[in-house]
Amino acid sequence: MDKNTALEILKEHGQEHVLNGFDELSADLQKQLLRQVSEIDWETIALVGQEWEEDEGEISPLGATTIAEIEKRRDEFTKVGIDAIKEGKLGAVLLAGGMGTRLGLDKPKGELNVGVNRDLCIFNCLINNLMDVTSEAGAYIPLYIMTSEKNNDETIRFFEEKNYFGYPKEYVKFFVQEMAVAVDFDGKILLEEPGRLATSPNGNGGWFSSLHKAGLVEDIRKRGVEWLNIFAVDNVLQRIGDPAFFGATLLSGTDSGSKVVHKVDAYEKMGALCLKDNKPYIVEYYELSKEMAEAKDETGDYLYAYGVILNYIFKVSRLEEIMEERMPVHVVEKKIPYIDGDGNLIKPTEPNGYKFETLVVDMVAKMSGSVPYEVVREKEFAPIKNLHGVDSLDSARELLKANNVEL
Ligand code: UTP
């Protein structure tokens, strides 16, 4: 794209400020900026200021396959899962493209050291958890790691340096998620440096299309992988490739499974797995009315009691079917560093604009069903979102110790 074409397009959208100072940029920066302009998703930016279009539909509770029910069938579930893992039917996808802004690190979140007397980073915890399963199954699970443009090189360098924490390198593949531009509260595109639009990873919902763009769906097919276990980078206690969870999902005959925990109270800030028009749906805590949040069943338990922990199993063939469907884009207020009209870098302390994200929860809603698989939260849920307080490095360390992980 040349400068005149870019200017025309930008003018059409009231964004011509993007090219202020263009002529003073080096040839490389000019090229980079024009490429970025050519990749802007204008439909997404147009969402600023629009009312969020909520799908009409009736929300109803789903309950869960409870821990007690799972215990009764654990051996059966486990055998089915282990057999399928041995046959190479399961792959795993680590979502590690996030910015981890709440932790304020200058490196990928997975590099955070949770150790106290020794070095034990998040990535190492996750690989250890995965290897518990691969040792039990006697077979490796291919691991696909989603990074972003901002942390890809460093993540790969770190895995190389640490020798993949003992996992065979030929079973690990990295892919980069796509980026989206950020805008101020008036919808004007921000620049993070002269000649560079402010961009950020486009949310965790785009992982399958990014996997596809990277050519890795081909790799998945070639290996005979039929199911993918998706998981977040920050839950250091989670089971990955959990055979019983996989077995329960396979036996259910549906095309996905969601790990859930019982919420600590009606208002815990997590999405609850439920149904919308009889299809799986994750209702966010802020979408639940007081009546719904506090409603109880005949046993006295909350109707919307089970929260998702970002650990899902999806059937690959179903993911391929829905890949072309547009995912809902969420417009999220964030603090976005930018350069002002005089070229000064501003690092805001309060949100100053919007980022655009698609979310994996919206992918669950595209499945025909999802097994709500309850796990013991003290054993499988230790997310690290902050350094201190709730869901933090401190609370995760306590939980790891309680589970006999040497720190
Ligand atoms: P979070 O919603 O906690 O976001 O991600 P985050 O970026 O890690 O942290 P904050 O909000 O900036 O503090 C949940 C999971 O989804 C991944 C994260 O890496 C984490 O595993 N994720 C999130 C992506 O892979 N890409 C994204 O664009 C966003």
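Reading the values: rules and limits
Residues numbered from 1 in each chain as written. Predicted model: local features only at pLDDT ≥ 70, side-chain atom pairs only at ≥ 80, totals over all residues. Heavy atoms only, no water. Pairing = 2+ DSSP bridges. Helix = DSSP H or I, 4+ residues; strand = E, 2+ residues; numbered from the N terminus. Disulfide = S-S within 2.5 Å. Buried < 20%, exposed > 50% of the residue type's maximum accessible area, 1.4 Å probe, protein only. Phe/Tyr/Trp six-rings, centres within 6.5 Å; stacked < 30°, edge-to-face > 60°. Salt bridge = Lys/Arg side-chain N within 4 Å of Asp/Glu carboxyl O. Axes fitted to C-alpha atoms, helices over the stretch in contact; angles between N-to-C directions. Parallel < 35°, antiparallel > 145°, perpendicular 65-115°, else oblique. Contact = heavy atoms within 4.5 Å. Nonpolar A, V, L, I, M, F, W, Y, C, P; charged D, E, K, R; others polar. Arc of directions from axis to C-beta. Core = buried A, V, L, I, M, F, W, Y, C linked by side-chain atoms within 4.5 Å. Near = heavy atom within 4 Å. Polar contact = N/O pair within 3.5 Å; in protein donor to acceptor, adjacent residues only side chain to side chain. Lys, Arg positive; Asp, Glu negative; His and termini not counted. Expected span 1.5 Å × (residues − 1).

## Thoughts on the sheet that holds strand S15 (residues 330–334)
With antiparallel pairing, the three strands of this open sheet are ordered in space as S6-S18-S15. Two strands close off the open sheet at either side, each with one partner strand: strand S6 (183–184) and S15.

## Details of the state of the cysteines
This structure, assessed with the given rule, holds zero disulfides. In this structure Cys-121 is a free cysteine whose sulfur lies 7.1 Å from that of Cys-125, the closest cysteine sulfur available. Residue classification places Cys-121 among the buried positions, given a relative accessible area of 8%.

## Digging into the packing of aromatic side chains
Aromatic ring pairs are defined here through the distance separating the ring centres and the angle between the ring planes. Applying the stated rule across the entire model yields 16 aromatic pairs. Seen from their ring centres, Tyr-140 and Tyr-171 are 5.4 Å apart, and the 40 degrees between their planes marks the pair as tilted. Here Tyr-171 lies in the loop between helix H6 (152–161) and strand S4 (172–176) and Tyr-140 lies in the loop between helix H5 (122–137) and strand S3 (143–147), a separation of 31 residues in the sequence. The partly exposed category is assigned to Tyr-140, whose relative accessible area is 38%.

## A word on the pattern of salt bridges
Throughout the structure, instances matching the rule amount to 30 salt bridges. In this structure, Glu-192 and Lys-150 form a salt bridge, with 3.2 Å as the shortest nitrogen-oxygen distance. Of this pair, Glu-192 sits in strand S7 (residues 191–193) while Lys-150 sits in the loop between S3 and H6, and the two are 42 residues apart along the sequence. The partly exposed category is assigned to Lys-150, whose relative accessible area is 38%. In this structure, a network of salt bridges that share partners links the residues Glu-149, Lys-150, Glu-192 and Arg-196.

## Some details on the packing of helix H4 (residues 67–86) against H5
At a closest axis distance of 9 Å, the pairing of H4 and H5 adopts a crossing angle of 85 degrees. Classified by the angle between their axes, H4 and H5 sit roughly perpendicular to one another. The segment H4 lies against H5, with Thr-78, Ile-82, Ile-85 and Lys-86 engaging Val-133, Glu-136 and Ala-137. Its residues assigned to classes, the contact of H4 with H5 shows four nonpolar, one polar and two charged.

## Things to note about helix H14 (residues 393–402)
Within H14, burial applies to Leu-393, Ala-396 and Leu-400. For H14, the arc enclosing every buried residue in end-on projection is 60 degrees, short of the 170-degree limit, so these residues lie on one face. Phi turns positive, to about 65 degrees, at Asn-404, one or two residues after H14.

## Some details on the nonpolar core
Counting residues in hydrophobic clusters, the biggest one holds 56 residues, and the most contacted among them are Leu-94, Phe-123 and Ile-384. Among the elements that make up this core, the one with the highest residue count is H5 (eight residues). Within the second largest apolar cluster, 34 residues are counted, among which are Tyr-144, Leu-216, Val-308 and Val-364.

## What to know about the site of the ligand
Taken together, 20 residues surround the ligand, and among them Leu-95, Thr-101, Gln-177, Val-233 and Lys-385 come closest. The contact in question runs from an oxygen atom of the ligand to an N or O atom on the side chain of Lys-109, over 3.2 Å. In the shell around the ligand, the residues fall into eight nonpolar, eight polar and four charged.

## What to know about the side chain of Glu-284
With respect to the helices and strands, the residue Glu-284 is situated in the loop between strand S13 (279–283) and helix H10 (290–294). No salt bridge forms around the buried Glu-284; measuring N to O, its nearest opposite-charge neighbour Lys-263 is 8.8 Å away. With sequence-adjacent residues up to four places away left out, Glu-284 is seen in contact with Met-270, Gly-271 and Val-361.

## Some points on helix H2 (residues 27–38)
Across its twelve residues, H2 extends 17 Å between first and last C-alpha, which sits within 8% of the 16 Å expected from 1.5 Å per residue. If you check which residues of H2 are buried, you get Gln-30, Leu-33, Leu-34, Gln-36 and Val-37. Taken end-on, H2 shows its buried residues confined to a sector of 160 degrees, consistent with a single buried face. For H2, the exposed residues set more than 90 degrees away from the buried face come down to Ala-27, Asp-28 and Lys-31. Tucked inside the fold, the buried residues of H2 contact helix H1 (3–12), strand S8 (196–197) and strand S9 (199–201).

## Some thoughts on the pairing of strand S10 (residues 227–232)
Across the six residues of S10, six count as buried, placing the element largely inside the fold. Every second residue of S10 is oriented toward a common face, with Trp-227, Asn-229 and Phe-231 on one face and Leu-228, Ile-230 and Ala-232 on the other, all of them buried. Strand direction decides the pairing type here: strand S2 (residues 90–95) and S10, joined by six bridges, are parallel. Opposite Val-93, over in S10, you have Ile-230 as the bridge partner. With five bridges joining them, S10 and strand S14 (residues 306–315) adopt antiparallel strand pairing. Counterpart to Trp-227 in the pairing with S14 is Lys-315.

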